[in-house]
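Letter by letter, the chains look like this.
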Amino acid sequence: MHTVWKGAISFGLVHVPVKMFSATEDKDISLRYIHKECGSPLSYVRKCPVCDKEVAWEEIGKGYEYEKGKFVLFDKEELDQLTEESSKSITILDFVDLTEIDPIYFQKTYYLSPDQAGANAYRLLMEAMRQTGKIGIAKISIRSKSSLAAIRVLADCLAIETIYYPDEVRPVSQVPGLPEPGIVNDKELDMAKLLISQLSTPFEPAKYTDDYRQRMLDLITHKIAGEEFHIAPARQENNVIDLMAALQASIEAVQHIPTDPGRPVSKTAPKAKPQTGAASKKKTAAAKPDNAAGAAVIGEATGPIPVIAPKPKRRTAKTRESGV
């Protein structure tokens, strides 16, 4: 791995020398602009529109446009002075619970490894954070950009995640077209919860793949080989009009078995054994839906749908004699 940053983690008066490595990599397939007439790749030219000439790197500075067409200019030395003091330190400000941070704040993840003779302090910080269940909120400057960061234990490594400052996250109130608070249909809600329960599974990141990237690689391979390659058109999605019917169809698709429209049955639903006597009558009465409320029994989202036991036949003198 390529080292992207070197410095030290500081909490209190403790300093842990560390090196930083990018934990993720961009696997997007990069396409270049090509001149169709001759097949040559196009180059980007740094050109001044006023002087009408190309500009070399040593002639380029940086500026901030404070009004339209008006800039305040900065030298490289001035910008370096702003970050020189904080560019070599990860200062932990607080320790918090990871669950207190909404995922919207996270940006990019890096790995941290001990540098020089910092292995003991590195191990100490990692074990203390592991046993307390806390993560550190710190400040760091990477490539002249100051960021908040969250330091946490990942397996047997310290990882640091850059996070946005609060004023960089747009408030939800700015989102247009959000529905007004209202009452949700209870039957539809039960069906939706049941569908979520059926689709719930432990998170296994290895089973998710980038289908677009794979199709692009296949297309590139066929084009290099001079072969024809046709991509099947995407399935047309219909607008959902009957929400209840869509939920029912989704549950049936997950279970792979036909179900009664008013009572979807889980694949794992146990078969009820008929009971005799008063116990059977009591159980049947308890499982019977409330017709006055006009609602069908849908079942809880966390378990199989209950199956009502059939009512046993009454035994007469004639059947007792015959042993039935």
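Look a little higher up for the structure.
In this report, we go over the structure that sits alongside the text. (Residues numbered from 1 in each chain as written. Predicted model: local features only at pLDDT ≥ 70, side-chain atom pairs only at ≥ 80, totals over all residues. Heavy atoms only, no water.)

What follows covers the nonpolar core. Among the nonpolar cores identified, the biggest contains 21 residues, and Ile9, Met20, Ile90, Leu112, Ile151, Leu158 and Ile160 are the most heavily contacted of them. If you list the elements that add at least two residues to this core, you get strand 1 (3-11), strand 2 (14-22), strand 9 (89-96), strand 10 (106-114), helix 2 (119-132), strand 11 (135-142), strand 12 (145-154) and strand 13 (157-163). No other element matches helix 2, which puts 4 residues into this core. The next biggest cluster of nonpolar side chains, apart from the first, holds 7 residues, and it includes Val96, Ile101, Leu148 and Ile163. (Core = buried A, V, L, I, M, F, W, Y, C linked by side-chain atoms within 4.5 Å. Buried < 20%, exposed > 50% of the residue type's maximum accessible area, 1.4 Å probe, protein only. Helix = DSSP H or I, 4+ residues; strand = E, 2+ residues; numbered from the N terminus.)

As a further point, take the sheet that holds strand 11. One closed barrel accounts for 7 strands, arranged 1-2-10-13-12-11-9; its pairing is mixed. Taken over all neighbouring pairs, the strand axes of this sheet differ in orientation by 40° on average, direction set aside. In terms of strand pairing, strand 11 meets strand 12 through 7 bridges, oriented antiparallel. Note that in strand 12 the partner of Ile142 across the bridge is Lys145. The sheet contacts of helix 2 involve strand 1, strand 2, strand 9, strand 10, strand 11, strand 12 and strand 13, and relative to strand 13 the element is tilted by about 70°. (Pairing = 2+ DSSP bridges. Axes fitted to C-alpha atoms, helices over the stretch in contact; angles between N-to-C directions. Contact = heavy atoms within 4.5 Å.)

This part covers the pairing of strand 11. Strand 11 sits mainly inside the fold: 7 of its 8 residues count as buried. From the end of strand 11 to the start of strand 12, which pair antiparallel, there are 2 residues, and Arg143 there has a positive phi angle of about 50°.

Tallied over the full model, the rule gives 2 aromatic pairs. An angle of 90° between the planes, with centres 6.4 Å apart, marks the rings of Phe11 and Phe95 as edge-to-face. Of the two residues, Phe11 is situated in strand 1 and Phe95 in strand 9; the sequence distance between them amounts to 84 residues. Residue Phe95 is classed as partly exposed on the basis of its relative accessible area of 38%. Between Phe203 and Tyr208, the aromatic rings sit 5.9 Å apart at their centres with planes inclined by 20°, giving stacked as the arrangement. Overall, Phe203 belongs to the exposed group, its relative accessible area being 64%. By relative accessible area, which is 48% here, Tyr208 ends up partly exposed. Above the face of the Tyr110 ring, Lys108 is positioned so that its terminal group lies 5.7 Å from the ring centre. (Phe/Tyr/Trp six-rings, centres within 6.5 Å; stacked < 30°, edge-to-face > 60°. Lys NZ or Arg CZ within 6 Å of the ring centre and 35° of its normal.)

Moving on, we get to the packing of helix 3 (residues 186-199) against helix 5 (residues 243-255). The geometry of a pair of packed helices is captured by two quantities: the angle between their axes and the separation between those axes. Close contact between helix 3 and helix 5 brings their axes to 10 Å; oriented N to C, the two are set at 25°. By the criterion of interaxial angle, the relationship of helix 3 to helix 5 is roughly parallel. Note on packing geometry: the crossing formed by helix 3 with helix 5 is left-handed. Facing Lys187, Glu188, Met191, Ala192, Leu194, Leu195, Gln198 and Leu199 of helix 3, the residues of helix 5 in contact are Leu243, Met244, Leu247, Gln248, Ser250, Ile251, Val254 and Gln255. Looking at the contact of helix 3 with helix 5 residue by residue, the classes come out as 10 nonpolar, 4 polar and 2 charged. (Parallel < 35°, antiparallel > 145°, perpendicular 65-115°, else oblique. Left-handed = near helix turned anticlockwise from the far one by under 90°. Nonpolar A, V, L, I, M, F, W, Y, C, P; charged D, E, K, R; others polar.)

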